[in-house]
Amino acid sequence: AVIYSASYSKFSDPFLFVTRQEVFLIGAVVAMVVVMSFDYDWWKDQSRFLYGFTLMLLALVMLIGKISGGARLSFDVGPINLQPAEFAKFTVLLVLAAYLAEDRSDVLPYHRFIIGMLIVGAPAALIILQPDLGGVSVLVVMAMGVMLVAGAKFRHMAIIASAAVATVVGALISGLVNEYQLRRFTAFFNQDSTDQELRDWVYQGRNAIRAVATGGVTGKGWLEGPITMARSDIPVQWQDFPFSAIGEEFGLVGAGVLILLYTVVLVRIWRIGQLSRDVLGTYLCAGAFAIILWQVFQNIAMTVGIMPITGLPLPWVSYGGSGVVTFFGLIGLVQSVHMRRYR
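Residues numbered from 1 in each chain as written. Predicted model: local features only at pLDDT ≥ 70, side-chain atom pairs only at ≥ 80, totals over all residues. Heavy atoms only, no water.

Enquirer: Outline the overall build of the chain, supporting the account with residue identities and numerical values.
Expert: Scanning the chain from terminus to terminus reveals 14 helices and three strands. Within the span of the chain, comprising 343 residues, buried residues form 51% of the whole. Restricting the contact set of the chain to residue pairs at least 6 apart, pairs at least 24 apart contribute 71%. Here the chain displays about 15700 Å² of accessible surface, and carbon together with sulfur accounts for 67% of that area. (Helix = DSSP H or I, 4+ residues; strand = E, 2+ residues; numbered from the N terminus. Buried < 20%, exposed > 50% of the residue type's maximum accessible area, 1.4 Å probe, protein only. Contact = heavy atoms within 4.5 Å. Areas by Shrake-Rupley, 256 points an atom, 1.4 Å probe, with all protein chains shown as cover.)

Enquirer: Give me helix H2 (residues 16-37): which residues, what numbers.
Expert: For H2, which comprises 22 residues, the first-to-last C-alpha distance of 32 Å matches the rise-based estimate of 32 Å (1.5 Å per residue) to within 8%. For H2, the full list of buried residues reads Phe17, Val18, Gln21, Phe24, Ala28, Met32, Val35 and Met36. Projected down its long axis, H2 carries its buried residues within an arc of 115 degrees, all on one side. Away from the buried face of H2 by more than 90 degrees, exposed residues Val23 and Ile26 are located. In the core, the buried residues of H2 are packed alongside helix H1 (2-7), helix H3 (40-64), strand E3 (80-82), helix H4 (84-100), helix H11 (237-240) and helix H14 (321-339). (Expected span 1.5 Å × (residues − 1). Arc of directions from axis to C-beta.)

Enquirer: Give me the lowdown on the packing of aromatic side chains, citing residues and values where you can.
Expert: Taken as a whole and assessed by the stated rule, the structure comprises 18 aromatic pairs. Ring centres of Phe24 and Tyr319 lie 5.8 Å apart, and the angle between their planes is 50 degrees; this geometry places the pair in the tilted category. Placement of Phe24 in helix H2 and of Tyr319 in the loop between helix H13 (279-303) and H14 is noted, with a sequence separation of 295 residues between them. Assigned by exposure class, Phe24 and Tyr319 land together as buried. Taken together, the ring pairs connect Phe11, Phe17, Phe24, Trp238 and Tyr319 into an aromatic cluster. The ring of Tyr99 is capped by Arg112, whose NZ or CZ atom sits 4.1 Å from the centre of that ring. (Phe/Tyr/Trp six-rings, centres within 6.5 Å; stacked < 30°, edge-to-face > 60°. Lys NZ or Arg CZ within 6 Å of the ring centre and 35° of its normal.)

Enquirer: Residues and numbers for the nonpolar core, please.
Expert: Grouped together as the largest cluster of nonpolar side chains are 80 residues, with contacts concentrated most on Leu96, Leu100, Met142, Met147 and Leu284. Aside from chain neighbours lying at most four places away, what touches Leu284 is Tyr40, Leu93, Leu94, Ala97, Leu333 and Val337. Counting residues in hydrophobic clusters, the runner-up holds seven residues, among them Ala208, Ala211, Phe241 and Ile309. (Core = buried A, V, L, I, M, F, W, Y, C linked by side-chain atoms within 4.5 Å.)

Enquirer: Explain the pattern of salt bridges to me, and be specific about the residues and the numbers.
Expert: The tally for this structure, following the rule as stated, stands at five salt bridges. Look at the salt bridges and you will find they share partners, linking Asp39, Asp41, Arg277 and Asp278 into a network. (Salt bridge = Lys/Arg side-chain N within 4 Å of Asp/Glu carboxyl O.)

Enquirer: Outline a nonpolar patch on the surface, listing residues and values.
Expert: On the surface, a cluster of nonpolar side chains totalling about 640 Å² of accessible area is made up of Phe49, Phe53, Met56, Leu60, Leu63 and Ile64. Among the secondary structure elements, Phe53 is positioned in helix H3. (Patch = residues over 30% accessible without salt bridge, like charges linked within 9 Å, V, L, I, M, F, W, Y side chains within 5 Å.)

Enquirer: Account for the side chain of Ser244, with residues named and values stated.
Expert: If you trace the backbone, Ser244 turns up in helix H12 (residues 242-275). If near-sequence neighbours (up to four positions away) are discounted, Ser244 is found in contact with Ala208, Ala211, Val212, Thr228, Ile234, Gln237 and Thr303.

Enquirer: Could you give an account of the packing of helix H5 (residues 110-128) against helix H6 (residues 133-149), naming the residues involved and the relevant values?
Expert: Each packed pair of helices is defined by two parameters, the angle between the axes and the distance between the axes. Running from amino to carboxyl end, H5 crosses H6 at an angle of 170 degrees, the nearest separation of the two axes being 9 Å. For the element pair H5 / H6, the angle class is roughly antiparallel. With respect to the hand of their crossing, H5 and H6 are arranged in right-handed fashion. The segment H5 lies against H6, with Phe113, Gly116, Met117, Val120, Pro123, Ala124, Ile127 and Ile128 engaging Leu133, Gly135, Val136, Leu139, Ala143 and Met147. (Axes fitted to C-alpha atoms, helices over the stretch in contact; angles between N-to-C directions. Parallel < 35°, antiparallel > 145°, perpendicular 65-115°, else oblique. Left-handed = near helix turned anticlockwise from the far one by under 90°.)

Enquirer: Run through unusual backbone geometry, naming residues and quoting values.
Expert: Although it is not a glycine, Leu223 sits at a positive phi angle of roughly 70 degrees. Assignment of secondary structure puts Leu223 in the loop between helix H9 (199-214) and helix H10 (226-229). Judged by relative accessible area, which is 22%, Leu223 ranks as partly exposed. A positive phi is found at Val236, a non-glycine position, where the angle reads about 50 degrees. Counting through the fold element by element, Val236 comes out in the loop between H10 and H11.

Right under this line is the structure:
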């Protein structure tokens, strides 16, 4: 419903993105059922192969991937785009959790922490070369979540955070971050700027905030939001800023219901992690929890102007096949842990 309201007035075919998303959702549910049908120990055995295959896709996308906004993020496969960085969230979590589960000590040893960092660092380096800072941030947060549950010390967490900041700074200095993404950060720190060069970037963020703000308590009604209905006020709203459409059309009540639903999902994942029969299941749940929490926070925060615009999708709401399949796949892993919580 949100994708339809954010896109139908902007294209000659009002059902263009809705039809595609319905197909993606069917495929995603099938993927979830397949993932949950297998014991997560079986997925652990496949983790190295899936990890290697992901690295290969991430390398290939930089050579033959589709250029969008100055970055090579996806493969163009007919009417759809396949984004390896989305699938990396699933496979990197799988291999990291499998590796850390080999050690049963309460405190994560330093050498295992370093190898865990290398496991995450390889795909993160390929993703940042695309460049996709948002995708890298998800892997970093996921790694921190899993390692924290695995018993990493505070100074280990500080190392991950410092390495992430140093990587971003290095990317900015070296020019790896293209002008398109750099403008997003510049606009965030200059939201009141009247500079003509920043006008479009600031304009997009301002309108997203306006859409949420003018929705009031109950919203203007579905398909009744003037900012959402406008052709160019919030570009790619159905993919990057669906929360602004929810805020304008369903108001504080609708936004609150959505956040409540996310809270229910996160609480259930946390509980399933506690009930897991082994540490592998706990680590998988911790990683899924961290990924979902970070993406929900980042997408909503960038919509209301308290975080830079990164393009991270809002889980299960934003348009996009790779993203929705990945998130249903993560839920499939969590379901597999829950279904086999008793030996």
